[in-house]
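Here's the letter readout for the chains.
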Amino acid sequence: MNMPNIGAGTFRLAGQQAIDSVANALDLGYRHIDTAQIYGNEDEVGQALAASSVARGEVFVTTKIWTEHLSRNTLVPSLEESLRKLKTSAVDLTLIHWPSPGAAVSVAESMEALMAARERGLTRAIGISNFTIPLMREAIAAVGAQNIATNQVELHPYLQNRAVPAFAREHGIHVTAYMPLAYGKVIDEPVIRAIAARVDATPAQVTLAWLLAKGHAVIPSSTRRANLESNLAAGSIRLDAGDIAAIDALERGERLVSPDFAPQWD
């Protein structure tokens, strides 16, 4: 199945909170669930998937390989452990979560290990996350752009990182926006609030609609059922060119996720 353009993220969700969030998301109609090894909630996501009345084949599940598992000897075993936790024989998409710190493992080695995982039927598609343009070039050189389903990167009105989506688009690589609501900061943005009032939507819906209009997938997360429902409805919001230009003008290079092992950003 193709990746639905609105997914439910699970970053920072743990225990029963993670189970409830995924259960609510599936009940509301989400068919795209995003998790990662480092989130520590694959077990809980798996529980919610198994308990749901929605068939596994109808849900697009993404997980991400953590940095300590990027070598050819460790990537596949770590993914097999993720599948055990997720209670599934395969995920729909597996990403390299972050490029190897200090290039301890080459991009080529990790991408080739991901390809091996796909060939073994452990994942239906592979991709990358937090990859800069130089790192995307390395990934393309290793396995070909046609084998890279997405680059999942931080994208929101305050960090539009336009060169990366442009490069990805040029090479036929989809972009998935994480942290799309900038930790909720966009809710108080006057420009977005004004648009929301005019189109009878919430600021969160307007922000997600702006990203969707650019062709990106979005994976907002929430512990509240009402917010999950509202976010999913963003797919029906249509913004005009003036709205999009007004949000485009909010760019200020405000990166919210940049751990000490992050690559040198574009």
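Trainee: Hey, could you run me through the overall build of the protein chain in this one?
Mentor: Within the protein chain, the regular secondary structure consists of 10 helices and eight strands. For 266 residues, the compact-globule estimate of 2.2 N^0.38 gives 18 Å, and the protein chain sits close to it at 18 Å. Across its three principal directions, the C-alpha atoms of the protein chain cover 55 × 40 × 30 Å. Within the protein chain, the proportion of its 266 residues that are buried is 56%. Considering only residue pairs separated by 6 or more positions, the protein chain has 77% of its internal contacts joining residues 24 or more positions apart. For the protein chain, the accessible surface area stands at approximately 11,100 Å², while carbon and sulfur atoms represent 49% of it. Mean positive and mean negative side-chain charge positions of the protein chain (23 and 28 charges, respectively) differ by 2 Å.

Trainee: What's the story with helix α1 (residues 15-28) in this structure? I'm lost.
Mentor: Side chains of residues three or four places apart in an α-helix project in the same direction, reflecting 3.6 residues per turn. Taking 1.5 Å of rise per residue, the 14 residues of α1 would be expected to cover 20 Å, and the 20 Å separating its terminal C-alpha atoms lies within 8% of that figure. All buried positions along α1 are accounted for by Ala18, Ile19, Ser21, Val22, Ala25, Leu26 and Leu28. Along its buried surface, α1 packs onto β1 (8-9), β2 (32-34), α2 (42-51) and α9 (225-232). A positive backbone phi angle near 120° is found at glycine 29, which sits one or two residues after α1.

Trainee: Would you mind going over the packing of helix α7 (residues 190-199) against helix α8 (residues 203-213) with me for this structure?
Mentor: The contact between α7 and α8 brings their axes to 8 Å, and the two run at 95°. On the basis of the axis angle, α7 is roughly perpendicular to α8. Along the contact surface, α7 presents Ile192, Arg193, Ile195, Ala196 and Val199, while α8 presents Pro203, Val206 and Thr207.

Trainee: Could you clarify how one ought to interpret the sheet that holds strand β5 (residues 126-129) in this entry?
Mentor: Strand pairing in a sheet relies on backbone hydrogen bonds. The paired strands run either parallel or antiparallel. Read from one edge to the other, the open sheet built from eight strands follows the order β1-β2-β3-β4-β5-β6-β7-β8, with strand pairing classed as parallel. Sheet topology places β1 and β8 (217-218) at the edges, where each strand pairs with a single neighbour. Bridge analysis of strand β6 (residues 150-154) against strand β7 (residues 174-178) gives five bridges, and the strand direction is parallel. The partner of asparagine 151 across the bridge, within β7, is valine 175.

Trainee: Before we go on, may I ask you to explain unusual backbone geometry in this structure?
Mentor: Backbone geometry places asparagine 161, a non-glycine residue, at a positive phi of 45°. Unlike most non-glycine residues, alanine 182 shows phi in positive territory, near 50°. The residue alanine 182 is located in the loop between β7 and α7 in this model.

Trainee: Please clarify how empty space enclosed by the protein should be interpreted in this entry.
Mentor: Empty space among the atoms becomes apparent when a probe as large as a water molecule is rolled across them. All told, the structure shown has one cavity of 30 Å³ or more when counted by the stated rule. The space that makes up the largest cavity amounts to roughly 30 Å³. Taken together, Leu70, Ile96, Pro99, Ser100, Val105, Ser106, Val107, Ser110 and Phe131 make up the lining of the largest cavity. For the lining of the largest cavity, the per-class residue count stands at six nonpolar, three polar and no charged.

Trainee: Explain the pattern of salt bridges here, please?
Mentor: Oppositely charged side chains can form a pair if their charged atoms are brought close together. Enumeration over the complete set of coordinates arrives at 13 salt bridges. Among the ionic pairs, glutamate 109 bridges to arginine 72, the shortest N-O distance being 3.7 Å. Taken as a pair, glutamate 109 in helix α4 (residues 107-119) and arginine 72 in the loop between β3 (60-65) and α3 (75-86) lie far apart in primary sequence, 37 residues in all. Residue lysine 214 is joined to aspartate 248 by a salt bridge in which the shortest nitrogen-to-oxygen separation is 3.0 Å. Of the two residues, lysine 214 sits in the loop between α8 and β8 while aspartate 248 sits in helix α10 (residues 241-248), which places them 34 residues apart along the sequence. For lysine 214, a relative accessible area of 31% gives the class partly exposed. Where salt bridges share partners, they join Arg56, Asp92 and Arg124 into one cluster.

Trainee: Explain the pairing of β3 here, please?
Mentor: Looking down a regular strand, the side chains alternate between one sheet face and the other. The buried fraction of β3 is high, at six of six residues. The alternating pattern of β3 places Phe60, Thr62 and Lys64 and Val61, Thr63 and Ile65 on opposite faces, both of which are buried. As paired strands, β2 and β3 are joined by three bridges and run parallel to one another. Bridged to isoleucine 33 within β3 is valine 61. Crossover connection from β2 via α2 to parallel β3: handedness right-handed. Sheet analysis places β3 next to strand β4 (residues 93-96), joined by four bridges and oriented parallel.

Cut-offs applied
Residues numbered from 1 in each chain as written. Predicted model: local features only at pLDDT ≥ 70, side-chain atom pairs only at ≥ 80, totals over all residues. Heavy atoms only, no water. Helix = DSSP H or I, 4+ residues; strand = E, 2+ residues; numbered from the N terminus. Rg over C-alpha atoms; globule rule 2.2 N^0.38 Å. Buried < 20%, exposed > 50% of the residue type's maximum accessible area, 1.4 Å probe, protein only. Contact = heavy atoms within 4.5 Å. Areas by Shrake-Rupley, 256 points an atom, 1.4 Å probe, with all protein chains shown as cover. Lys, Arg positive; Asp, Glu negative; His and termini not counted. Charge placed at Lys NZ, Arg CZ, Asp CG, Glu CD. Expected span 1.5 Å × (residues − 1). Axes fitted to C-alpha atoms, helices over the stretch in contact; angles between N-to-C directions. Parallel < 35°, antiparallel > 145°, perpendicular 65-115°, else oblique. Pairing = 2+ DSSP bridges. 1 Å grid on protein atoms, 1.4 Å probe; cavity = no way out; pocket = protein on both sides within 12 Å on 5 of 7 lines; lining within 4 Å. Points joined across faces, edges and corners; volume = space filled by probe spheres on them. Nonpolar A, V, L, I, M, F, W, Y, C, P; charged D, E, K, R; others polar. Salt bridge = Lys/Arg side-chain N within 4 Å of Asp/Glu carboxyl O. Right-handed = clockwise from strand over helix to strand, strands pointing away.

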